[in-house]
Amino acid sequence: QMLPDVPAPVRLPEVTPARGARRGRVGLLTGCVQRHLYPHVNRDTVRLLSLAGYDVVVPRGQGCCGALNLHAGRLDEFRAQASALAGVFGADVDFVVTNAAGCGSAMKEYAHWLPDAPAARALASRTRDVSEVLAGADLPLGRLEVTVTYHDACHLAHGQRIRNEPRELLRRIPGLTLVELPESDFCCGSAGVYNVLEPEMADRLLERKVAHIVETGARVVASGNPGCLLQIAKGLRARGASIEVVHPVELLARATLEAGR
């Protein structure tokens with residue numbers, strides 16, 4: 001019920017050079033759910049970071065960040081995956097960018113779970129959500145005449161304390177109307193693997209979330225975590241609501257295309 005049609009894979013260049021004034025060099029975590037179910041989000045992320053002035057490095061050998069094992073309490077497996085990932089991103093990148101809130105939250109906790117692993121601690125200190133990086137950039141944005149509401153992914157709002165940056169980015173898009181979502185930071189029921197392990201309670205949370213989304217009158221709901229996107233899309237389909245579910249970078253990418261960039 002939750003899975004969408006699996007799209008064709010998107011192969012990203014290993015290095016995408018900055019466009020315009022160069023600001024630095026970043027690595028991109030492509031993730032697991034994001035890479036396979038929302039590959040266009042990774043493609044849009046690379047494009048936006050390049051437009052923002054960053055060389056973007058996408059290491060071929062990267063694997064899972066370990067977040068789902070951490071959520072399930074499988075700490076040995078989590079630590080092994082975290083150690084492997086820490087060895088993939090070199091010291092030549094200023095930040096490692098994530099566009100999945102669950103991944104970013106887990107990676108920022110590497111220093112806690114692997115205190116004796118210097119590479120893991122270094123990766124934790126350099127991890128940034130894509131909204132943190134883009135908020136400081138001047139993107140060329142064209143008009144999007146659309147009403148949008150925003151759902152705070154728990155691992156972004158509560159885990160990383162990131163609330164303002166995604167909203168600020170959406171408000172920068174000319175023509176876009178951002179309508180605040182009641183109980184925006186109330187869980188949608190996804191919660192890592194919770195909606196798989198406890199589907200009945202997860203669906204009760206989802207019904208409450210979907211009701212609030214419909215109440216806003218928005219035609220689009222945005223959220224910065226693929227688990228939330230899957231869960232909310234499932235709930236909207238069940239309700240018969242024709243509301244598009246997107247990652248914020250998708251709207252930003254559409255606006256840059258409208259600007260001819």
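Heads up: the structure comes first, above all this text.
Looking only at helices and strands, the chain has 14 helices and 9 strands in total. Taking 261 residues into account, the globule formula puts the C-alpha radius of gyration at 18 Å, and the chain, at 18 Å, falls close to it. Judged by the C-alpha coordinates and their principal axes, the chain covers about 50 × 45 × 35 Å. Counting only residues that meet the buried cut, the chain has 52% of its 261 residues in that class. For the chain, the proportion of contacts with a sequence separation of at least 24, taken over those separated by at least 6, is 77%. Of the accessible surface of the chain, which amounts to about 11,500 Å², a share of 52% is contributed by carbon and sulfur atoms. Charge separation in the chain, taken as the distance between the mean sites of 30 positive and 28 negative side-chain charges, equals 4 Å.

Take the sheet that holds strand E5 (residues 127–129) next. Think of a sheet as strands paired side by side through backbone hydrogen bonds, with each pair either parallel or antiparallel. Taken in spatial order, the 5 strands make up an open sheet running E1-E3-E2-E4-E5, and their pairing is mixed. Among the strands making up the open sheet, the edge pair consists of strand E1 (15–16) and E5. As paired elements, strand E2 (residues 24–28) and strand E4 (residues 95–98) share 3 bridges and run parallel to each other. Looking at the pairing, Val-26 lines up with Phe-95 of E4. Relative to strand E3 (residues 54–57), helix H2 (residues 39–51) is tilted by about 150°, and along the sheet it contacts E1, E2, E3 and E4. Set on the sheet, helix H5 (residues 101–108) makes contact with E4 and E5; between it and E5 the angle comes to about 150°.

The next point concerns the side chain of Glu-250. For Glu-250, the location among the structural elements is in helix H14 (residues 248–258). Here Glu-250 occupies a buried position and makes no salt bridge, while the nearest side chain of opposite charge, Arg-254, is found at 4.1 Å. Excluding residues within four positions of it along the chain, Glu-250 makes contact with His-40, Val-41 and Asp-44.

Where helix H12 (residues 199–216) contacts helix H13 (residues 226–239), the axes come no closer than 9 Å and their chain directions differ by 75°. Accordingly, the angle class assigned to the pair H12 and H13 is roughly perpendicular. Residues Ala-202, Asp-203, Leu-206, Lys-209, Val-210, Ala-211, Ile-213 and Val-214 of H12 pack against Gln-231, Ile-232, Lys-234, Gly-235, Leu-236 and Arg-239 of H13. Within the contact of H12 with H13, the residues separate by chemical class into 8 nonpolar, 2 polar and 4 charged.

Tallying each qualifying case throughout the model produces 2 aromatic pairs. Ring plane angle 85° and centroid distance 6.4 Å describe the contact between Phe-78 and Trp-113, whose orientation is recorded as edge-to-face. On the criterion of sequence distance, the pair formed by Phe-78 in helix H4 (residues 75–86) and Trp-113 in helix H6 (residues 110–113) is long-range, its members being 35 residues apart. By way of ring pairs, the aromatic residues Phe-78, Tyr-110 and Trp-113 are connected into one cluster.

Once that is clear, we can look at the pairing of E3. Burial along E3 is two-sided: Tyr-54 and Val-56 and Asp-55 and Val-57, pointing in opposite directions, are all buried. The sheet contact formed by E1 and E3 spans 2 bridges and is antiparallel. Bridging from a neighbouring strand, Val-15 pairs with Val-57 of E3. Where E2 lies against E3, 4 bridges are found, and the strand directions are parallel. Following the sheet pairing, Val-26 is matched in E3 by Val-56.

Glancing now at unusual backbone geometry. Note: most residues except glycine have negative phi, and most peptide bonds are trans. Even without glycine at this site, Arg-161 takes up a positive phi of about 60°. Its place among the elements puts Arg-161 in the loop between helix H9 (154–157) and helix H10 (164–171). Phi is positive for Glu-183, which is not a glycine, with a value near 50°. Take Glu-183: it is sitting in the loop between strand E7 (176–179) and helix H11 (194–197). On the accessibility criterion, Glu-183 (33% relative accessible area) is partly exposed.

A separate point is H12. In this model H12 runs 26 Å from its N-terminal to its C-terminal C-alpha over 18 residues, within 8% of the 26 Å that 1.5 Å per residue would give. Among the structural elements, strand E6 (146–150), E7, H11, strand E8 (220–222) and H13 are those in contact with the buried residues of H12. Immediately downstream of H12, the backbone of Gly-217 shows phi near 80°, a positive value.

The rules behind the values
- Residues numbered from 1 in each chain as written.
- Predicted model: local features only at pLDDT ≥ 70, side-chain atom pairs only at ≥ 80, totals over all residues.
- Heavy atoms only, no water.
- Helix = DSSP H or I, 4+ residues; strand = E, 2+ residues; numbered from the N terminus.
- Rg over C-alpha atoms; globule rule 2.2 N^0.38 Å.
- Buried < 20%, exposed > 50% of the residue type's maximum accessible area, 1.4 Å probe, protein only.
- Contact = heavy atoms within 4.5 Å.
- Areas by Shrake-Rupley, 256 points an atom, 1.4 Å probe, with all protein chains shown as cover.
- Lys, Arg positive; Asp, Glu negative; His and termini not counted.
- Charge placed at Lys NZ, Arg CZ, Asp CG, Glu CD.
- Pairing = 2+ DSSP bridges.
- Axes fitted to C-alpha atoms, helices over the stretch in contact; angles between N-to-C directions.
- Salt bridge = Lys/Arg side-chain N within 4 Å of Asp/Glu carboxyl O.
- Parallel < 35°, antiparallel > 145°, perpendicular 65-115°, else oblique.
- Nonpolar A, V, L, I, M, F, W, Y, C, P; charged D, E, K, R; others polar.
- Phe/Tyr/Trp six-rings, centres within 6.5 Å; stacked < 30°, edge-to-face > 60°.
- Expected span 1.5 Å × (residues − 1).

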